[in-house]
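Summary of the model geometry
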Amino acid sequence: MYCLILAIVCVIIHSANGILYPMESESRQVKDLSGRWRFRTDNSSGRDTGFHERWWERQLAETGRVIDMPVPASYNDITQDKSIRDFVGWAWYETSFFAPNAWDNEVTNVWLRVGSAHYYAMVWLNGEQVMEHEGGHLPFECDVTMSLNFGATNRLTIAVNNTLTPNTLPPGEINHYNGKDEYPAGYFTQEYQFDFFNYAGIHRPVKLYTTPRLRIGEIVTNSDVTADHASATVHYEVTVTDSARRGQEMASYNITVVLEDSTGAIINKTSGGSGSITVAQPMLWWPVGMHDQVGYLYTMVVYAGRLGVSAPITTDVYRLKIGIRTVTVDQTLKINGRPFYVIGVGKHEDWDVRGKGFDWSMVVKDFNLLDWLGANAFRTSHYPYAEEIMQMCDERGIVVIDECPAVGMRSANNFVNKTLTHHLNVIGELVTRDRNHPSVIMWSVANEPSSQLPPAAQYFKTVLDRARELDPTRPATFVCNAGYDSDLATPYVDVVCVNKYEGWYNDPGHVEVIQKRLSYFLTQWHEKRSKPVIHMEWGAGAIAGFHSDPSLMYTEEYLCDVMREHFATFDSLRTGSNPVLAGEMIWNFADFATAQATTRAYGNRKGIFTRQRQPKSPAFVIRDRYRALRNQSVAERQTELELIGEHWWREVRESWDRSL
């Protein structure tokens with residue numbers, strides 16, 4: 001088993017390549033195919049009629065009844081049809097678009113990019129299969145230049161399958177009821193061990209974009225900052241691909257890298273496929289609450305062309321927003337060398353009607369609510385979020401713990417080489433997609449796996465090592481709910497992240513024991529691992545409009561009581577020379593949809609906001625705390641600046657005295 005794991009790692013290491021977000025420039029155009037698509041499900045018993053009849057070879061409407069379906073969106077809640085809401089299997093999408101003649105030339109390539117499709121996707125263009133992808137939350141793309149009809153209409157078909165197995169991420173299982181007379185013939189159900197609804201469909205925009213044949217394929221950046229913040233060095237590496245000259249050495253290309261400040265003024269520039277740029281007196285990227293200047297971003301402008309060729313169309317130009325900052329871990333978590341205390345929320349990409357479909361209105365609303373709360377962070381529980389969300393975090397100074405979709409790994413069947421191979425692929429796609437975002441300060445490779453099982457130790461060591469190999473500038477972790485005395489995998493994390501629901505799943509209804517039990521629990525973790533601890537999930541169900549005094553479970557007042565007991569514990573553990581706690585993140589930001597269950601009353605009700613983003617009374621309680629902590633951080637920063645100023649003035653006066 002161990003040798004096989006190592007062999008898999010060696011194979012995967014060579015296959016992780018990032019893909020840049022589609023951006024328009026002097027050399028690139030972007031065409032968004034989002035909108036109203038044609039849609040149908042394959043309701044055959046084997047869900048395979050679409051493949052037997054080759055639906056991609058003709059108009060989808062010729063295969064049977066089709067309906068309108070928005071893209072991006074989950075298909076589950078769009079109709080009034082229960083069979084579509086709960087559908088498991090292959091769902092088929094189709095749209096048509098026009099490819100302009102201007103793109104048909106010998107120096108232009110056209111790329112098709114799907115932001116995400118859950119879970120497995122196959123893509124055909126004009127009846128020709130162009131790509132397929134496993135995994136529901138990350139982008140995939142391919143060059144479709146040779147498959148397009150320029151100056152004519154093109155037909156794009158995408159089949160999406162939401163079936164989960166023990167080896168998918170997240171895992172699941174199909175239960176068949178064959179031979180049971182009390183069930184309909186061919187009846188089956190999809191079961192899974194994670195607590196959110198398995199929304200399906202094309203969840204993020206589908207785009208076409210153009211590049212020159214010689215194109216910038218990937219940009220990797222990171223930075224070093226001096227202890228006094230007086231200077232910074234931005235390191236970069238640019239990968240160029242050339243479809244006209246495959247296998248060409250990088251030295252054959254002319255690569256120029258220019259760093260601009262937020263006004264567009266040039267700070268510095270250099271040349272070459274890899275190198276460094278020095279920035280004097282840099283404007284560092286700071287999270288909210290740590291500095292007056294929040295979320296400062298530079299623009300790295302990369303130019304790539306062939307040596308000896310001056311035609312403008314052969315030069316590719318890409319602009320990448322970057323932030324200069326460092327993340328370190330010693331006794332606590334630090335950003336730019338200063339302690340950073342996480343005050344945040346667990347979230348979901350989950351909204352009424354659209355499910356997990358990307359929607360700017362909802363995204364901006366959520367960021368405004370984060371600002372209203374005073375939060376400085378969230379975790380992308382339990383899967384990678386849209387790239388547009390990561391970009392807003394960069395701009396607004398919101399810290400992100402970036403999580404891959406390994407949630408519900410509860411049995412030994414999940415810790416096998418087939419799962420590991422896929423897990424390493426997902427980590428590769430996630431890290432290479434998001435490692436240029438300054439808001440991302442930590443990778444989370446899983447949520448609540450059964451890390452007490454014997455295979456878990458080597459399994460997670462392999463995955464965590466892979467994340468650090470791809471990005472050695474950030475800590476890596478997973479979120480643990482195993483006991484501190486039974487877990488086998490947290491020795492390999494950089495920060496201990498734990499979930500614990502005192503007063504809810506533990507001692508339900510008894511808020512009076514929270515402080516004692518929670519303090520003991522968090523302290524034991526800290527002593528056992530000698531690493532910073534973030535309490536990643538805690539909270540209680542609160543149904544909006546349910547009230548009771550004295551408080552009872554499921555009322556808004558009960559969650560308020562649970563909060564106050566947790567806050568008292570957190571305050572006792574977050575200060576001192578060797579603080580136990582590095583952060584607190586309540587579960588959850590908003591109510592969200594789940595599978596139907598007797599323990600879930602129309603979804604999970606632990607949100608401090610309703611699913612419609614209206615605040616429950618606990619939202620005001622946590623707002624008071626987060627804003628107080630943020631103001632305290634600002635005050636501490638002001639005191640630090642005053643002390644620095646006093647020290648500087650003292651040195652100046654002493655220098656004058658010596659000169660006299």
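A quick note: this is a predicted structure, and the numbers were derived from the prediction, not measured.

With that settled, consider the sheet that holds strand β1 (residues 30–32). Strands sit in the order β1-β14-β5-β9 across an open sheet of four strands; the sheet is antiparallel. Of all strands in the sheet, those with a lone pairing partner are β1 and β9 (140–143), marking the two edges. Neighbouring strand axes in the sheet, compared pairwise and without regard to direction, differ in orientation by 20 degrees on average. Here three bridges tie β1 to strand β14 (residues 206–212), and the two strands are oriented antiparallel to one another. Residue Asp32 lies in a different strand from β14, and its bridge partner there is Lys207.

The next thing to look at is the side chain of Lys207. One can find Lys207 in strand β14. Here Lys207 is buried and forms no salt bridge, its nearest opposite-charge partner Glu388 lying at an N-O distance of 4.3 Å. Look past the residues within four positions of Lys207 in its chain and what remains in contact with it is Tyr21, Pro22, Val30, Lys31, Asp32, Leu33, Trp111, Leu112, Arg113 and Glu388.

Moving on to helix α8 (residues 514–529). With 16 residues, α8 should reach 22 Å at 1.5 Å per residue; the first-to-last C-alpha distance of 23 Å fits that figure. Taken residue by residue, α8 has Ile514, Leu518, Phe521, Leu522, Trp525, His526 and Arg529 as its buried positions. Buried residues of α8 fall within an arc of 125 degrees about the axis and therefore sit on the same side. Looking at α8, the residues exposed on the side facing more than 90 degrees away from the buried face are Lys516 and Glu527. Looking at the packing, one finds that the buried side of α8 touches β29 (476–480), β30 (496–499), β31 (533–537), α9 (556–573) and β32 (581–586).

Here we come to the packing of helix α4 (residues 360–373) against helix α5 (residues 387–396). It is at 11 Å that the axes of α4 and α5 come closest, and there the two elements cross at 30 degrees. Regarding α4 and α5, the two cross each other, and that crossing is right-handed. Judged by residue contacts, Trp360, Val363, Val364, Phe367 and Asn368 of α4 engage Glu388, Ile389, Met392, Cys393 and Arg396 from α5. Looking at side-chain class alone, the contact of α4 with α5 contains seven nonpolar, one polar and two charged residues.

In this structure, Pro170 follows Leu169 across a cis peptide bond, with omega equal to 0 degrees. Looking at the element boundaries, Pro170 is found in the loop between β10 (152–161) and β11 (173–176). Here the bond from Ser381 into His382 is cis, since omega is -10 degrees, no more than 30 degrees from zero. Here His382 lies in the loop between β26 (377–379) and α5. The backbone of Tyr554 sits at a positive phi, close to 80 degrees, despite the residue not being glycine. Following the sequence through the fold, Tyr554 ends up in the loop between β31 and α9. What makes Tyr554 partly exposed here is its relative accessible area of 34%. A positive phi angle, near 60 degrees, is found at Tyr602, a position not held by glycine.

Turning our attention to the pairing of strand β3 (residues 67–71). Side chains of β3 alternate between two faces, with Ile67, Met69 and Val71 buried and Asp68 and Pro70 left unburied. Two elements, strand β2 (residues 35–41) and β3, share five bridges in a ladder whose sense is antiparallel. By the bridge assignment, Phe39 is partnered in β3 with Ile67.

Another aspect to go through is the nonpolar core. In a soluble, globular protein the nonpolar side chains are often hidden away together inside. Core analysis: the largest hydrophobic core is formed by 98 residues, its most contacted members being Phe367, Phe378, Ile389, Phe460, Leu522 and Met563. Examining the composition of this core, we find that eight residues originate from one element, α9, more than from any other. Contact partners of Met563, with chain neighbours within four places excluded, come to Trp538, Ile586, Ile608, Pro618, Val621 and Ile622. In this structure, Val225, Trp286, Val479 and Ile534 belong to the second largest nonpolar core, which totals 48 residues.

One open sheet holds the three strands; their spatial order is β22-β23-β24, and the pairing between them is antiparallel. The sheet is open, and its two borders are formed by β22 (327–329) and β24 (338–339), each paired with just one other strand. Bridge count for strand β23 (residues 333–335) against β24 is two bridges, and the pairing is antiparallel. By the bridge assignment for β24, Ile335 is matched with Arg338.

Attention shifts here to the environment of Asn506. Note on placement: Asn506 falls in the loop between β30 and α8. Not counting residues up to four positions away in its chain, the partners in contact with Asn506 are Lys500, Tyr501 and Arg517.

What follows covers the packing of aromatic side chains. To describe a pair of aromatic rings, you give the distance between the ring centres and the angle between the ring planes. Tallied over the entire structure, the rule returns 41 aromatic pairs. Ring geometry for Phe39 against Tyr93: centres 5.0 Å apart, planes inclined by 70 degrees, an arrangement best described as edge-to-face. Here Phe39 is found in strand β2, whereas its partner Tyr93 is found in strand β4 (residues 90–99), with 54 residues between them in sequence. Among the aromatic residues, ring-to-ring pairing joins Phe51, Trp55, Trp56, Trp90, Trp92, Tyr120 and Trp124 into one connected group. Looking at Arg215, its charged tip hangs above the ring of Trp111, at a distance of 3.8 Å from the centre. Here the guanidinium or amino end of Arg574 rests over the ring plane of Tyr341, the centre of that ring lying 5.7 Å away.

The next thing to look at is α4. With 14 residues, α4 ought to run about 20 Å at 1.5 Å a step, and its terminal C-alpha atoms sit 20 Å apart, in line with that. Listed as buried for α4 are Met362, Val363, Asp366, Phe367, Leu369, Leu370 and Leu373. For α4, the arc enclosing every buried residue in end-on projection is 160 degrees, short of the 170-degree limit, so these residues lie on one face. For α4, the N-terminal cap is Asp359; the gap from its side-chain oxygen to the backbone nitrogen of Ser361 is 2.8 Å. Among the residues trailing α4, Gly374 stands out with phi positive, at a value near 90 degrees.

Turning our attention to the environment of Glu565. Tracing the backbone through its elements, the reader meets Glu565 in helix α9. Each C-alpha atom, one on Glu565 and one on Gln515, is 5.9 Å from the other, the two residues being 50 residues apart in sequence. In this view, Glu565 contacts Val511, Ile514 and Gln515; residues no more than four positions away in its chain are not counted.

Quick look at the pairing of β2 now. As paired elements, β2 and β4 share four bridges and run antiparallel to each other. The residue of β4 that forms the bridge with Arg40 is Trp92.

The next point concerns the state of the cysteines. Throughout the structure, instances matching the rule amount to zero disulfides. There is no disulfide at Cys404, and the cysteine sulfur nearest it, in Cys497, is 13 Å away.

Here the focus is the environment of Val416. With respect to the helices and strands, Val416 occurs in the loop between β27 (399–403) and α6 (417–434). Along the sequence, Val416 and Glu584 sit 168 residues apart, while their C-alpha atoms lie 33 Å from each other. With residues up to four places along the chain from it excluded, the contact list for Val416 reads Asn167 and Tyr459.

With that settled, the discussion passes to the pattern of salt bridges. Under the defined criterion, the tally for this structure stands at 38 salt bridges. Note that Arg113 and Glu141 form a salt bridge whose closest N and O atoms lie 3.8 Å from each other. Linking Arg113 in strand β5 (residues 108–114) with Glu141 in strand β9, this pair joins segments that are 28 residues apart in sequence. Pair check on accessibility: Arg113 and Glu141 agree, each one buried. Of the charged contacts in the structure, one is a salt bridge between Arg630 and Asp371, with a shortest N-O distance of 3.9 Å. Highlighted residues: Arg630 in helix α10 (residues 617–659) and Asp371 in helix α4, separated in sequence by 259 residues.

Conventions adopted
- Residues numbered from 1 in each chain as written.
- Predicted model: local features only at pLDDT ≥ 70, side-chain atom pairs only at ≥ 80, totals over all residues.
- Heavy atoms only, no water.
- Pairing = 2+ DSSP bridges.
- Helix = DSSP H or I, 4+ residues; strand = E, 2+ residues; numbered from the N terminus.
- Axes fitted to C-alpha atoms, helices over the stretch in contact; angles between N-to-C directions.
- Buried < 20%, exposed > 50% of the residue type's maximum accessible area, 1.4 Å probe, protein only.
- Lys, Arg positive; Asp, Glu negative; His and termini not counted.
- Salt bridge = Lys/Arg side-chain N within 4 Å of Asp/Glu carboxyl O.
- Contact = heavy atoms within 4.5 Å.
- Expected span 1.5 Å × (residues − 1).
- Arc of directions from axis to C-beta.
- Left-handed = near helix turned anticlockwise from the far one by under 90°.
- Nonpolar A, V, L, I, M, F, W, Y, C, P; charged D, E, K, R; others polar.
- Core = buried A, V, L, I, M, F, W, Y, C linked by side-chain atoms within 4.5 Å.
- Phe/Tyr/Trp six-rings, centres within 6.5 Å; stacked < 30°, edge-to-face > 60°.
- Lys NZ or Arg CZ within 6 Å of the ring centre and 35° of its normal.
- Polar contact = N/O pair within 3.5 Å; in protein donor to acceptor, adjacent residues only side chain to side chain.
- Disulfide = S-S within 2.5 Å.

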